[in-house]
Structures are given as C-alpha cells and as structure tokens.
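Listed below are the residues making up each chain.
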Amino acid sequence: MLSSPPTASSSPPPSHQTVTSDPRHIAMETYWREVQSIEEEKEWEEEEEEEERKSMDEVELEEAWLTEAGLSSLVTGSSSEETPLPAEALLSTLTGQQVATVRRRLDNYNETLKKKNRQPIKDVRDIFTMPDDDSADRCPAPLSHHAESPPSRYHTTTKTIRRNTATARPTLHSFLPEHTQMHSDTHNPSPLHTPSLPVSQGRRADWLLRDCPYSEGVAEHKQGGTCLDCLRFHGDDSSDLPDLTWADDLSSGDLTQLGFISHIELSTFLPALGVQTKCTRTRLRYRRSRDSGVFGVPLNTLLENDRKKFPEVKVPVVFQKLLCILEQSGLQTEGILRVPGSAARLKFLRRELDRCSGSPGGFDWSAVRQVDAAGLLKLFIRELPTPLLTHTHLSTYHAVLGVSSLVHQVQALQLLSLLLTESHRDTLRALLVFLRKVVSHQDQNRMSLWNVSMVVAPNLFACRHRGNKHSIAKQREEMEEAVGGAHLVRLMITHQDLLWTVPTFLLSQVRQMNQASNQKQRGLTKTTRRLLRRKNDKNDRNQITELCEGVIRVHAPLHTKVSMAIRLDGQTRAKDVTAHFECGNSPVQHLYEVGGNICERRLHPDCVLLDVYRVNPDCDWLIKP
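### Digging into the overall build of the protein chain
Part 1 of the reasoning: Check the secondary structure of the protein chain and you find 23 helices and 10 strands.
Part 2 of the reasoning: Within the span of the protein chain, comprising 625 residues, buried residues form 52% of the whole.
Part 3 of the reasoning: Accessible surface, the protein chain: about 28900 Å² in total, of which carbon and sulfur atoms supply 49%.

Below, the structure written as structure tokens:
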C-alpha cells in the first residue's frame, strides 16, 4: 500500500518549498494542499468506529492467494479425485510460467505448514501431472472445433439472409500523446452497452492480440533489454486491428474465471519483469462498513438499494448525481476538483445525504454547488469501507511503479482492473471518464492531466497512517510515492479504454477452461462423445437440411422472426445480422455468443462472425437488447 502522505502538521520536503513556475512543482503544491484539506476534514469528522485487521501469517497469505486464483480446493481436505472441476479445468489451461507460479505458491504453503508441524493437504506432485520438459514455453493450446454440440434451446424456422458489405473495420484505441489523448473521445460510454473504441492514426496497441500471455517473452527486461511489445509500442503500426472483447461483454461466470486467470498471470508477469510484490504484513485499520446512508457504505449495498428503483443501474446513483453536477456546471470552472469548499458546509451536506438516502422525499440536489459536489465526490471515494482499488491490490498498484516499460505498466494496470469486482470496476470507469472530460477542458479550468492526477491520487491511494514527525528521508520517500501515485492515476486516465479490454490470450484461456469443465461435467469418454456428435449431426441434417459448414442459426425469441439461418463469409458482421431484427421503436439489439466454450459474450457490432464461428462452432447465436 502506498505510504501515508505528510499530515497537515508536516511540511513538504525543503526542496519543494520554493515557489517556481515549473508545472510539475505547481502540481506538487496541488497534491500537498489536497492532503492538507483531507486532514482538516478529518478534524471535524465524527469519530467513527474502526476495527483492527490482524496481520496475516504466511500460511494465511498463501491460502488467500490460492483462493483468489480459484484454487481454494488445493488447500482443503478433499482428495485429488474429489477436486472441484473448475480448479482442475483451470490448471489444465495454464502456461508453463503460470504453472510455475502456482507451484511456487503451493510449495511455499506446504513448507510453511511443515514448519508449523501441520500436515500439507496435497503434495504438489499429485496436482501437477503435466511434463516439465516443454511446459516452459507452452502457450494456450488452440481450442477444439469438435466438442460435443449441445441441443438447441430455441424454436426454429428457416430463412437465409445476405450480408451487408458496405462497412469499414474500426480500429482499436491506441497510445496517443498526452494532449491528443485528452482532446479525443470525451463522451461517456453507456453503462449498458459496449463503448465504441476511439479511432486514431497513432501507435496501435496490437499487443492485445497476442496469443501468448504477457509473461511470455519479457525476460529481456531483467537484463535491461527490450522485448517485442516494447518494440511494437515504439514503432508506428497503422494497420487496423479486429474488434476485441470488453469486460462488460462477458457474463458473470466468465468474468469470475477471467479473474482467476488474470490473478495468476499478474503474479507471473511482474516477477518476469524483475518486480517483486511484497505482501502487506502490518496491522491495518479500516472503517467498519455501514448498512444505511451514503458515505462509508459498501458499493454493493448502495447498488442493491438503488436497483429497487433503477434495476439496470451499475454505478451508485449518488455517485452519478455528483458527476452530473460537476459535468453540467464545473467542467469550465477554474480549479475544479482542486479548490476546496467550506468544511462546515461539506459536513452539513454529508449528514443530509445520509439522512435522506432512504426517505421518500429524497435529497434536494438543486442546493449543491459544483465546489460542494467536488468535495462530496472525493469524500465518497475516501470513505468507502473497501477502497475503490480494493485493500488486496493496493500494494500491487505500487509495485507497478517498479516496471521500467510504459507498455508493461499499462498491461499490469489492465490485469489489475480486470481483477476488480463489477461494482468497483464500473465505478472506477465512471470516475476515469469524468476525469478525462475535466482534462479535455484544461484551457478553461486550468486543470492539466498532471494536476488532476495529483488531486485524485491522495483520495485513491492515501492510507490511515497519521504520523506527525517525519525525517528528511521519510519526507523524500513520501514525495516519491506522491509522484508515483499521481503517475498511476495519469496512466489510468490516459489509457482508460485499454483497462476494460480483455486481451486475446485471456479470453482464449477462459474458453479452454469452459471447454475442459464442460467435458468433465459430462463425464464422457472420447468414444461416447464421438458417437453422440455423429447422432446430433445426423439429427441436425434431418431437421434442417441447409445447415452445413459455415452456416449458423440465429435465434431471436423476443421477435416475431424466431430464427434465421445465415451463411457466413469473411465479411459478415454482427451488425449485418441485428439489422434484420431491429424495429423503429425497439431498443438497440445485440448479437450474443452463448454456450459452447463460453458462457455468454456480447459481440461488438463490427465483429467478424466467421472468426467467432471458427473458435466456437458449437455455440448458440442469440439476439436480445
């Protein structure tokens, strides 16, 4: 976790006390003023009940890591034959380096148990049965195109449609220079639909398309070299990239498995770059979460209450209200987010929001000024019982600063973002979209990207330490971590669209995990699966004669056109299909890939369907809003 910034009674390091015109110096002054404002607010805050989190021993830390990796069954009392299928399926999809990471963790767990005179639950040799000779360079294997076909769940009628070829392939969001990035796409993407990827003529983030994990092929950095991803980033590549998957496009089941693999990959990726993450062993104090009100209430609790009135909401209503006030009246206000409001008024508004959160009359938002909204927004973030970036991963965010390559820093932040729960990820995205809008108006509000990062950093990364006496070395360390925290915020604002994008290799591993799990659950031998596949193929040919190679059936149970048979070619896209089911007043329709080796995935309108068919030939195709 990032160390505590200086308290209100502590002065910044001497080297930063002289006023200069250096923009970085001005931004540092902004940081210290924000810290002082936070400390002043704590003086009038009511003393809240806090709990002490006991330090975790090494066994508990390894158990927590294995649990977050979806491998909790490896530290339970079940025998290897009774290992839950998801864990067994997950292990079968890992690459050699990922396997080595899990093996080290499990070895450390078992060794620590032995030191405590406790018997290990499983021997590592009973878990990893794959050969070691070629596993070091193994990437996820290609998916089988001949898995057992599940029976179709939808009524069928037959019609064949033609493709629309008058479409252009969109491009993926790229790394842009700071000023260009902030003035490009500033529109808030809809929380219910996949945001469109900005088009640019800059350097492409084509490392998102790689088939192997980030941890493969970065060993050059340990010797001070440069890997292929870094070379791609520093070179110009203006070729178009195919559409990728956003986290919001996946079902909750796929997101859970995605989190397991992302956790293992991140723990493999950083050490491969020569960066070691240290687990926090100190005692932490944190606020006890509240069940009512607005401030200090977990995001999930707020969303449960909000969904009683707004079933589709993904970000707490109060958070959206504060952002809306700032966007409508504050984007062009000089010093937005930086200029503090009245502490007494902020205290009053906080109490009123807590009091009115469950009342029928509600809160009078017309009385909230933009300076009040800015203070309440930052207070809301700080008061979350579980930080927006979570307790578990704050120390890992700090470890990202040890990565020397910018592209690898963004890759690590992407993996961390995919580890966040849905409520935290959606709320963080809403915040970053707003911050990008603030920076896009910097000519009017005088808030550059670095200034905004300096204001937001102590609200995202500040910890509860409240020491009053600091040595020069301690002040210098805090200064470095202040700059480091602001650098992370700056990266998240600048490259935010990449944070929610699922790399190709991760989606491939999720598919492999689903496929392995499905095969185990069916409990079928290869011979039985072959016989059933032949039987299903024969039944399909008897029922619908034109369904052959390259032909899919799209189901639309909510429309009068129940289904259509569609012949695919290299130009058929999802929007060509949904166009045939859209009506004048109907909501926007999306095409979903359901079943096979994925639970459910919403396809981008420009997604090439033949590519999806080749990867998952046994899925159902479903049209719905």
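### Concerning the nonpolar core
Part 1 of the reasoning: Within the largest apolar cluster, 123 residues are counted, with the highest numbers of intra-cluster contacts made by Leu71, Leu337 and Phe434.
Part 2 of the reasoning: Discounting chain neighbours no more than four positions away, the residues touching Phe434 are Leu323, Leu326, Glu327, Leu331, Ile336, Leu337 and Leu377.

### Looking at the packing of helix α12 (residues 370-383) against helix α17 (residues 449-461)
Part 1 of the reasoning: As a packed pair, α12 and α17 sit with axes 8 Å apart at the nearest point and diverge in direction by 30°. Relative to α17, α12 is oriented roughly parallel. Residues Lys378, Ile381 and Arg382 of α12 lie in contact with α17, whose contacting residues are Val455, Asn459 and Leu460.

### Details of the packing of aromatic side chains
Aromatic ring pairs are described here by two measures, namely the spacing of the ring centres and the angle between the planes.
Part 1 of the reasoning: One pass over the structure, following the stated rule, counts 6 aromatic pairs.
Part 2 of the reasoning: Judged by centre distance (5.5 Å) and plane angle (50°), the rings of Phe319 and Phe380 are tilted. In this pair, Phe319 is assigned in helix α10 (residues 317-329) and Phe380 in helix α12, connecting sequence segments 61 residues apart. A single burial state applies to Phe319 and to Phe380, both of which are buried.
Part 3 of the reasoning: Put simply, the rings of Tyr214, Phe269 and Phe505 touch in pairs and so form one group of aromatic residues.
Part 4 of the reasoning: Directly above the ring of Tyr592 sits Lys624, whose terminal nitrogen or CZ lies 4.6 Å from the centroid.

### Comments concerning the side chain of Glu593
Part 1 of the reasoning: Relative to the assigned elements, Glu593 resides in strand β8 (residues 590-595).
Part 2 of the reasoning: There is a polar contact of 2.6 Å between the side chain of Glu593 and the side chain of Arg511.

### A closer look at unusual backbone geometry
Part 1 of the reasoning: In this structure, Leu337 takes a positive phi of about 75° despite not being glycine.
Part 2 of the reasoning: For Arg446, which is not glycine, the phi dihedral falls at a positive 60°.
Part 3 of the reasoning: Turning to its location among the elements, Arg446 is positioned in the loop between α16 (442-445) and α17.
Part 4 of the reasoning: Since its relative accessible area comes to 53%, Arg446 is described here as exposed.

### Concerning the packing of α10 against helix α15 (residues 422-440)
Part 1 of the reasoning: At a closest axis distance of 11 Å, the pairing of α10 and α15 adopts a crossing angle of 5°. Judged by the angle between their axes, α10 and α15 are roughly parallel. Of the residues in α15, those touching α10 at Phe319, Leu323, Leu326 and Glu327 are Thr427, Ala430, Leu431, Phe434 and Lys437.
Part 2 of the reasoning: Broken down by class, the residue content of the contact of α10 with α15 amounts to 6 nonpolar, 1 polar and 2 charged.

### Some words on the confidence of the model for the protein chain
Part 1 of the reasoning: Mean pLDDT over the protein chain stands at 76; residues scoring 70 or higher make up 66%.
Part 2 of the reasoning: Per-residue pLDDT, averaged within each element of the protein chain, yields its smallest value for helix α6 (residues 178-182) (38) and its largest for α15 (97).
Part 3 of the reasoning: Scored below 50 in pLDDT, residues 46-54 makes 20 contacts in the model with residues more than four places away or belonging to other chains.
Part 4 of the reasoning: Counted against residues more than four places away or in other chains, residues 79-83, with its pLDDT under 50, gives 5 contacts.

### Remarks on the pattern of salt bridges
Part 1 of the reasoning: Per the counting criterion, the structure on display carries 15 salt bridges.
Part 2 of the reasoning: What you see here is one network of salt bridges that share partners, running through Asp248, Asp426 and Arg429.

### What about helix α9 (residues 299-306)?
Part 1 of the reasoning: Taken as a whole, α9 has its buried residues at Leu299, Leu302, Leu303 and Asp306. Along the axis of α9, the buried residues cluster in a sector spanning 95°; they form a single face.
Part 2 of the reasoning: Where α9 is buried, its residues touch α10, α12 and α15.

### Let's talk about the environment of Pro605
Part 1 of the reasoning: Inspection of the secondary structure puts Pro605 in the loop between β9 (598-602) and α23 (609-615).
Part 2 of the reasoning: When the C-alpha atoms of Pro605 and Gln589 are compared, they prove to be 9.6 Å apart, with 16 residues separating the residues in sequence.
Part 3 of the reasoning: Those residues in contact with Pro605 that sit more than four places away from it in its chain are Arg573, Ala574 and Lys575.

### Some remarks on the pairing of strand β10 (residues 620-624)
Part 1 of the reasoning: For β10, the tally of buried residues reaches 4 of 5 residues, placing the bulk of the element in the interior.
Part 2 of the reasoning: Relative to β10, strand β6 (residues 551-555) runs parallel, the two being bridged by 2 bridges. The residue of β10 that forms the bridge with Val554 is Trp621.

### Overview of the environment of Val612
Part 1 of the reasoning: Note on placement: Val612 falls in helix α23.
Part 2 of the reasoning: When residues no more than four places from it in sequence are discounted, the contact partners of Val612 are Glu593, Arg601, Leu603, Cys607 and Trp621.

### Some remarks on the pairing of β8
Part 1 of the reasoning: Counted residue by residue, β8 has 6 buried out of 6 residues, so it is predominantly covered.
Part 2 of the reasoning: Note that β8 and β10 share 5 bridges and pair antiparallel. Residue pairing for β10: Val594 is matched across the bridge by Asp620.
Part 3 of the reasoning: With 4 bridges joining them, β8 and β9 adopt antiparallel strand pairing. Residue pairing across strands places Val594 opposite Glu600, the latter belonging to β9.
Part 4 of the reasoning: In sequence, β8 turns back onto β9 through a hairpin of 2 residues, with Gly596 there showing a positive phi of about 75°.

### Considering the environment of Thr578
Part 1 of the reasoning: The topology assignment puts Thr578 in helix α22 (residues 574-578).
Part 2 of the reasoning: Taking relative accessible area as the criterion, Thr578 reaches 5% and is therefore assigned buried.
Part 3 of the reasoning: A C-alpha to C-alpha distance of 6.4 Å links Thr578 and His590, two positions 12 residues apart in sequence.
Part 4 of the reasoning: Not counting residues within four places of it along the chain, the set of residues in contact with Thr578 comprises Gln589, His590, Leu591 and Ile623.

Reading guide: rules and limits
Residues numbered from 1 in each chain as written. Predicted model: local features only at pLDDT ≥ 70, side-chain atom pairs only at ≥ 80, totals over all residues. Heavy atoms only, no water. Helix = DSSP H or I, 4+ residues; strand = E, 2+ residues; numbered from the N terminus. Buried < 20%, exposed > 50% of the residue type's maximum accessible area, 1.4 Å probe, protein only. Areas by Shrake-Rupley, 256 points an atom, 1.4 Å probe, with all protein chains shown as cover. Core = buried A, V, L, I, M, F, W, Y, C linked by side-chain atoms within 4.5 Å. Contact = heavy atoms within 4.5 Å. Axes fitted to C-alpha atoms, helices over the stretch in contact; angles between N-to-C directions. Parallel < 35°, antiparallel > 145°, perpendicular 65-115°, else oblique. Phe/Tyr/Trp six-rings, centres within 6.5 Å; stacked < 30°, edge-to-face > 60°. Lys NZ or Arg CZ within 6 Å of the ring centre and 35° of its normal. Polar contact = N/O pair within 3.5 Å; in protein donor to acceptor, adjacent residues only side chain to side chain. Nonpolar A, V, L, I, M, F, W, Y, C, P; charged D, E, K, R; others polar. pLDDT = per-residue confidence, 0-100. Salt bridge = Lys/Arg side-chain N within 4 Å of Asp/Glu carboxyl O. Arc of directions from axis to C-beta. Pairing = 2+ DSSP bridges.

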